[in-house]
Amino acid sequence: MSKLINFEELEKKWIKLWRENGIFEADPNDKSKIFVTFPFPYMNGPLHLGHAFTALRVDVYARLKRMQGFNVLFPWAWHWTGATIAGQAKRIAEHDEHVIKVLVEIDGVNPREVEKFIDPIYMAKYYTNENKSVVDGLGFSVDWRREFHTTSHHKAFSKFIEWQYLKLREKGYIVKGTHPIVWCPRCKSPTGDHDRLEGVGVSPEKYILMKFKCGDLILPAATFRPETIYGVTNLWLNPNVDYLIVHVDGEKWVLSKPAAEKISNQLKKVEYIGELKGRELIGKKCIAPVVGREVIILPAFFVDPNNGTGVVYSVPAHAPYDWIALKDLLDHPELLSSYEISRDEIERIKPISLIEVEGFGEFPAIEIVEKLKVRDQNDPKVEEATQIIYKREFHKGVLKSIYGKYAGLKVFEAKDKIIEEFLSKGCADIMYDLTQKVICRCGTPCIVKVLKDQWFLKYSDKEWKQLAKSALKNMKIYPEDARKNFEEVIDWLQDKACTRATGLGTPLPWDEKWLVETLSDSTIYMAFYTISKYVNDGRISPEKLTPELLDYIFLGKGDSKSISKSHGLPLNLINEMRSEFDYWYPVDLRVSAKELLPNHLTFFIFHHVAIFPPEKWPKAIGVNGMLMIEGKPMSKSKGIFITLKNAIKMFGADVIRGTLLLSAEDLDDPDWRNKNAEDFRRNLKSIFNFMLELKKRAMSEKISELREIDRWLISQINKKIKTITKNAEQLKTRTAFHEAFYGIWNDVKWYLRRVEKVNGDLIADILNIWVKLLAPFIPFTAEELWEKLGNKPFVSTASWPNYDEKKIDLRSDFSEKLIKNLLEDILKIRKAIKINPSRIYLYVAPAWKYDVYIEVAKLVSQKASLKEIVRHVISKFHAKYSRRELIKLVQYSFEDIVNSPPVERKLKIESVSRELEIYESAKDFLERELKIKVSVYRADQPEIYDPKRKANSAMPFRPGIYIE
RNA sequence: GCGGGGGUUGCCGAGCCAGGUAAAAGGCGGCGGACUCAAGAUCCGCUGGCGUAGGCCUGCGUGGGUUCGAAUCCCACCCCCCGCACCA
């Protein structure tokens, strides 16, 4: 038996044939177009199963639309922009063992190649090459003539990005700004989460510095809660810490040494004047800002020079640290006396209540300290107490009358206003700091740096947001649930830095020391696909892609004749490019994983609405889950990672495609399990052989008439075409493929059980339809079957089956359902009675029971209650039939009708006269299945064989059954 | 903290928006049977519990509620996952 199929060979064969015939190369023509895109993958590593999952959904859609007769363009490109590739190259140059190990062991790069990766461009090219063959290997229906990569290493693409940025600037969407970031002083670059050894998730926090005056010195106390200044009772300094006196903005500030260093990175000029020990100021008095009170400076050891300014003010009513530190002083009189502070002075300090908060009394800090039994200021529980109070007061706290115009407001409502007021009065300042340690990958502790004159995309712009929203409104989002996410992100988005100092990319056209960053040069590049073909075939050279020409191509602005003249380009070329763009644009579908939703996909919308007119705005976005492997999130460092190259080697393309497609849809995370892939491989082989066997039968078994069961199969296949098409069009790829693969298979299997001889012509048709329905999902297997079924040239370009609503035959569906129910009942009984039956007798309900049934159905449709129906039926029929029988029948009928969907209710009423005939026609089948004789009677027929009086139990659509 | 998504029978995963067709699709696994010298593949049946007649009981995170009827609607609670920006 030739049961072996070799997927590897078969896949190679079809890739070659598809390419040779250029069936995925798409140029403008007079057909309707569909333009689909997948976000270009980043070339710092091999493509993996996660890429495959998302791209597969694009490919399925592309293949479906192509078969539906659309002119479909699915192009591909490669992302090189950013610091990651360069960073990786640098680490290889530094012989970073971990990086090299991952490259060799996980990514499968030959160690001799790795050495060459010290050149980032070499690395990017290497992966681009590798990955291209993988994209082909999976059968993605890509038009490669439009391929490109990003950055200044692709002159034409750079020209496009320059144009994009000039447009954005013209529209006023690019602004200069200042922003605090986590910074590595050694690498002299921002340190993002992925670049950290320690402190992942930590971001700059804004401290407010409240300026206390002490003679000519300013003591800037750092706080997150400047609104509590009204409750200040004293100032804290750490007596053991060295402080610096520095010139800042014309004032003399006292700061801890680290604080002075930090502030110097935050756009403040810091000049050294002198030094002093904390103890030197202890016991002195200073004037608190805002309230103008004189307060004493006291010693506290919780004050950390590395945190904030090393100066802290005290609000014992609302800050556990402050309250416990005061208590510590009272508990240690020796400390007080060493600073010559009288105990009296401390005892005179009374907490001032400022904020009313549910669940606490006057002084929340005191209460929580007592409740948690905090020992002293070194007890870790102080931190916990602080967190509890801070959160509670921030969200639920209400300001008391001491706040004047702010009184009655919630803390979170008033906070920003209060800060604004303090800053404008000059009694406060700002400093950024990290509340937890952050260590750069290079081992250096990070600080906060305020970068000035950075370029920002003004995502905060109200009008821009409005445009983005109106684009969203007209867009299809698959699944619809994800729309909420987009709305939320658009609202929430703030200005975003759009340039970088390091890495690969396109220089900003008007400020070339900056590179356009990676989430900006990936937003409207799909437009470039429409003309990259002309660059690749040499019909236009990159330097000719001036802003003027691009304005004409993409926006229709300017005059082609004069551009032709000034650029030395043929007029028809310019017009062809313009009309090619005009033909393909807008993007009809873009798909990505949900991780890109709050950034890339949203920016994709923003940039389109900024630059293009509404008719060129994207039509649809698909979002999917993130791939898991064996139930765990992918992670290269943990070795939870499968490259596509390996996966193809292990399973072949169609097995990967099928397994991925069946694993999830919508926002659910697909979970790749090798075992599932193996199971699917078995099924794929089975279905392949099944169809070929069936083809053989179809050729030898001919039947001239169309039997009921044949009509049933036609009905089923039409239903399947309908659901598969509908689901695939909405990117419900799992459901669609499941129906195409298992759904049809089960129908056909049932059909084969039901008949002794197949209707050959019908089966031949069904097989062709079935292969077409499988083609978008598992194209290689489908092509091979298509050929073996005697078709040519390609199923990939064959026309998608149309369903015929008229062929969806509810009547035969219903008959078949009755037969299935009957078989099920017989098997249930057989199981329960545990005997070996010799013969089966069936009794279809007598005519009068149908009369009652119809009567009940009528009353149900009038929304009568069961009670009413019983009463009505008894009054109508009791003369002829017993009350008990009637009640039983009404109860059965009522339940049966209520539990049927509306279409079926109608069918049932129409089928009352057919029931006997249906079972008669299935008699042979039942006998074959059960391997015993079956007799069918009508219960009211005279002289029937019915020893156990089972005919009495016959109900409409539920025959009496007697098993002997 | 803010925002989003979830918890379903051995596993994966439908159903939930529009309550009744539902012991709850489908796949996987397990068990039994057919085929075979045998194994594999394939096909059929079973796969919550009980039951010598198509039935009964229990059941969809937990606890309440609405309803003739709830996995589906309402309320409260518990738990899990994802994103939150200078990474791509």
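Source: prediction; values computed, not measured. (Residues numbered from 1 in each chain as written. Chains lettered and ligands numbered in written order. Predicted model: local features only at pLDDT ≥ 70, side-chain atom pairs only at ≥ 80, totals over all residues. Heavy atoms only, no water.)

**Points about the confidence of the model for chain A**
When pLDDT is averaged along chain A, the result is 91, and 100% of the positions lie at 70 or above. Across the whole predicted complex the pTM is 0.89, and at the interface the ipTM reaches 0.93. (pLDDT = per-residue confidence, 0-100.)

**A word on the nonpolar core**
Of all hydrophobic cores here, the largest spans 165 residues; its most connected members are Trp-76, Trp-672, Tyr-751 and Trp-770. If one sorts the elements of this core by residue count, helix H2 (residues 49-67) sits on top with eleven residues. Those residues within four positions of Trp-672 in sequence are excluded, and the remaining contacts are Leu-49, Leu-627, Met-628, Ile-629, Glu-630, Ile-642, Phe-651, Ile-656, Thr-659, Leu-660 and Ala-677. Ile-161, Leu-457, Ile-477 and Ile-563 belong to the second-largest nonpolar core, a separate cluster that totals 72 residues. (Core = buried A, V, L, I, M, F, W, Y, C linked by side-chain atoms within 4.5 Å. Buried < 20%, exposed > 50% of the residue type's maximum accessible area, 1.4 Å probe, protein only. Helix = DSSP H or I, 4+ residues; strand = E, 2+ residues; numbered from the N terminus. Contact = heavy atoms within 4.5 Å.)

**Overview of the pairing of strand E10 (residues 251-256)**
Here two bridges tie strand E7 (residues 217-223) to E10, and the two strands are oriented parallel to one another. The residue of E10 that forms the bridge with Ile-218 is Trp-253. Counted along the chain from strand E9 (residues 242-248) to the antiparallel partner E10, the turn is two residues long, and its residue Asp-249 has a positive phi close to 50 degrees. (Pairing = 2+ DSSP bridges.)

**Description of unusual backbone geometry**
Apart from glycine, the bulk of residues carry a negative phi angle, and the bulk of peptide bonds sit in the trans form. Across the junction of Tyr-478 and Pro-479, the peptide omega takes the value -5 degrees, indicating a cis bond. Assignment of secondary structure puts Pro-479 in the loop between strand E20 (476-478) and helix H17 (482-492). Residues other than glycine seldom take positive phi values, yet Glu-340 does so here, at roughly 55 degrees. By the secondary structure assignment, Glu-340 is in the loop between helix H11 (333-338) and helix H12 (343-347). On the basis of relative accessibility, which here comes to 76%, the residue Glu-340 falls in the exposed class. The phi angle at Arg-949 is positive, at roughly 55 degrees, despite the residue not being glycine. Within the element layout of this structure, Arg-949 appears in the loop between strand E31 (933-938) and strand E32 (960-963).

**What to know about the pattern of salt bridges**
For the structure shown, the criterion picks out 75 salt bridges. Glu-25 is the partner of Arg-145 in a salt bridge, and the nearest nitrogen-oxygen pair spans 3.8 Å. Of this pair, Arg-145 sits in the loop between helix H6 (120-137) and helix H7 (155-170) while Glu-25 sits in the loop between helix H1 (7-20) and strand E1 (33-37), placing them 120 residues apart in sequence. Judged by its relative accessible area of 24%, Arg-145 is partly exposed. What makes Glu-25 partly exposed here is its relative accessible area of 42%. The partner of Glu-855 in a salt bridge is Lys-876, and the shortest N-O contact between them spans 3.0 Å. Of this pair, Glu-855 sits in helix H31 (residues 847-861) while Lys-876 sits in helix H32 (residues 866-877), placing them 21 residues apart in sequence. A residue is classified by how much of its surface remains accessible, and Glu-855, at 8% relative accessible area, is buried. Three or more residues joined by partner-sharing salt bridges are found here, namely Glu-25, Asp-27, Asp-143, Arg-145, Arg-146, Lys-533 and Glu-580. (Salt bridge = Lys/Arg side-chain N within 4 Å of Asp/Glu carboxyl O.)

**Looking at the protein's contact with RNA strand B**
Taken together, 53 residues form the shell around RNA strand B, and within it Tyr-42, Ala-497, Arg-734, His-738 and Asn-899 come nearest. Taking Gly-192, its main chain carries an N or O atom lying 2.9 Å from a phosphate oxygen of RNA strand B. In the environment of RNA strand B, a sugar or linking oxygen lies 2.3 Å from a nitrogen or oxygen atom belonging to the side chain of His-738. No other element matches helix H30 (residues 810-833), which puts seven residues into the surface near RNA strand B. Class assignment of the residues belonging to the surface near RNA strand B gives a composition of 17 nonpolar, 18 polar and 18 charged. (Near = heavy atom within 4 Å. Polar contact = N/O pair within 3.5 Å; in protein donor to acceptor, adjacent residues only side chain to side chain. Nonpolar A, V, L, I, M, F, W, Y, C, P; charged D, E, K, R; others polar.)

**Description of the side chain of Thr-151**
Relative to the assigned elements, Thr-151 resides in the loop between H6 and H7. Setting aside chain neighbours within four positions, we find Thr-151 in contact with Trp-80, Thr-81, Phe-157, Ser-158, Leu-504, Gly-505 and Thr-506.

**Examining the environment of Gln-266**
Following the sequence through the fold, Gln-266 ends up in the loop between helix H8 (257-264) and strand E11 (270-277). The spatial distance from the C-alpha of Gln-266 to the C-alpha of Leu-684 is 63 Å, given a sequence separation of 418 residues. Look past the residues within four positions of Gln-266 in its chain and what remains in contact with it is Met-431, Tyr-432, Val-448 and Val-450.

**Some details on the sheet that holds strand E29 (residues 671-672)**
Ordered in space as E28-E27-E29, the three strands form an open sheet in which the pairing is mixed. At either end of the open sheet lies a strand with only one pairing partner, and these are strand E28 (632-633) and E29. Across two bridges, the pairing between strand E27 (residues 628-629) and E28 is antiparallel. Across the sheet, residue Met-628 finds its bridge partner in E28, namely Pro-633.

**What about the packing of aromatic side chains?**
For the coordinates displayed, the defined rule picks out 66 aromatic pairs. Ring centres of Trp-848 and Tyr-881 lie 3.8 Å apart, and the angle between their planes is 10 degrees; this geometry places the pair in the stacked category. Placement of Trp-848 in helix H31 and of Tyr-881 in the loop between H32 and helix H33 (883-898) is noted, with a sequence separation of 33 residues between them. Pair check on accessibility: Trp-848 and Tyr-881 agree, each one buried. The lysine or arginine in question, Arg-63, covers the ring of Trp-18, its NZ or CZ lying 4.7 Å from the ring centre. Across the ring face of Trp-745, the terminal group of Lys-749 is positioned such that the distance to the ring centre comes to 4.7 Å. (Phe/Tyr/Trp six-rings, centres within 6.5 Å; stacked < 30°, edge-to-face > 60°. Lys NZ or Arg CZ within 6 Å of the ring centre and 35° of its normal.)

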